[in-house]
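Breakdown of the fold
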Amino acid sequence: MRLQRKRKEHETDVALVKKRKFTVGQHHGRLNVLPRDFTFSSMTPLMLVHCWLMGSVRHDIPALAQLDSKHVLFLKGGNKMRNKMESIMRIVECLEWQDERLGLR
């Protein structure tokens, strides 16, 4: 029963991921998944978590966790900002793991 539920959840997740499509374009001399006019806007911690894990289908932006430094090279201070976001998300994930281990979630 549990295995069937997990299998169904996995199939649903795979179907949702297959539906997502991102436009890839060439700008600043490179192939890039980010739009030409992309900028890192100020975010609350909750918004950061959402953008890090989910991205924005409406704005055609993949999950920020999927971005490498080469994707943000065209932004002024882009790599520095991406590294800061990654550091914050490591802390968030560490806190989540601690909560799970203590049985708080």
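Residues numbered from 1 in each chain as written. Predicted model: local features only at pLDDT ≥ 70, side-chain atom pairs only at ≥ 80, totals over all residues. Heavy atoms only, no water.

Notes on the overall build of the protein
- Along the backbone of the protein there are three helices and two strands.
- For the protein, the sequential pattern of α-helices and β-strands runs α-β-β-α-α.
- Its C-alpha atoms give the protein a radius of gyration of 17 Å, more than 25% over the compact-globule value 13 Å for 105 residues.
- Reported as C-alpha extents along the three principal axes, the dimensions of the protein are approximately 50 × 30 × 20 Å.
- Burial statistics for the protein: of 105 residues in total, 22% are counted as buried. (Helix = DSSP H or I, 4+ residues; strand = E, 2+ residues; numbered from the N terminus. Rg over C-alpha atoms; globule rule 2.2 N^0.38 Å. Buried < 20%, exposed > 50% of the residue type's maximum accessible area, 1.4 Å probe, protein only.)

Overview of helix α3 (residues 78-102)
- Between its first and last C-alpha, α3 extends 36 Å over 25 residues, near the 36 Å set by a 1.5 Å rise per residue.
- Every buried residue belonging to α3 is among Gly 78, Arg 82, Met 85 and Met 89, and all of these are buried.
- Against the buried residues of α3 lie α2 (45-53).
- Gly 103 lies just past α3 and shows a positive phi near 80 degrees. (Expected span 1.5 Å × (residues − 1). Contact = heavy atoms within 4.5 Å.)

Here's the deal with the nonpolar core
- Leu 34, Phe 38, Phe 40, Leu 64, Val 72, Leu 75 and Met 85 are the most contacted members of the largest nonpolar core, which totals 13 residues.
- Looking at this core, the elements that each hand over two or more residues are α2 and α3.
- The contact partners of Phe 38, leaving out residues within four places of it in the chain, are Ile 61, Leu 64, Phe 74 and Leu 75. (Core = buried A, V, L, I, M, F, W, Y, C linked by side-chain atoms within 4.5 Å.)

Here we look at the packing of α2 against α3
- Their axes nearest at 11 Å, the elements α2 and α3 cross at an angle of 100 degrees. Classified by the angle their axes make, α2 and α3 are roughly perpendicular. Between α2 and α3, the residues in contact are Leu 48, Val 49 and Trp 52 and Met 85, Glu 86, Ile 88, Met 89, Val 92 and Glu 93, respectively. (Axes fitted to C-alpha atoms, helices over the stretch in contact; angles between N-to-C directions. Parallel < 35°, antiparallel > 145°, perpendicular 65-115°, else oblique.)

Some details on the packing of aromatic side chains
- Taken as a whole and assessed by the stated rule, the structure comprises one aromatic pair.
- Relative to Phe 40, the ring of Phe 38 lies with its centre 5.2 Å away and its plane at 80 degrees, an arrangement referred to as edge-to-face. Phe 40 shares its class with Phe 38; the two are buried. (Phe/Tyr/Trp six-rings, centres within 6.5 Å; stacked < 30°, edge-to-face > 60°.)

What to know about the pattern of salt bridges
- Inspection of every chain in the model, using the stated rule, returns four salt bridges.
- The salt bridge partner of Arg 5 is Glu 9, with a shortest N-O separation of 3.9 Å. Taken together, the residues Arg 5 and Glu 9, both in helix α1 (residues 2-19) and four residues apart, mark about one turn of the helix. (Salt bridge = Lys/Arg side-chain N within 4 Å of Asp/Glu carboxyl O.)

Structural notes on the side chain of Arg 82
- Relative to the assigned elements, Arg 82 resides in helix α3.
- Reaching out from Arg 82, the side chain makes a polar contact with the backbone oxygen of Leu 67 at a distance of 2.7 Å. (Polar contact = N/O pair within 3.5 Å; in protein donor to acceptor, adjacent residues only side chain to side chain.)

The quantities given are spatial measurements derived from coordinates; they are silent on function.
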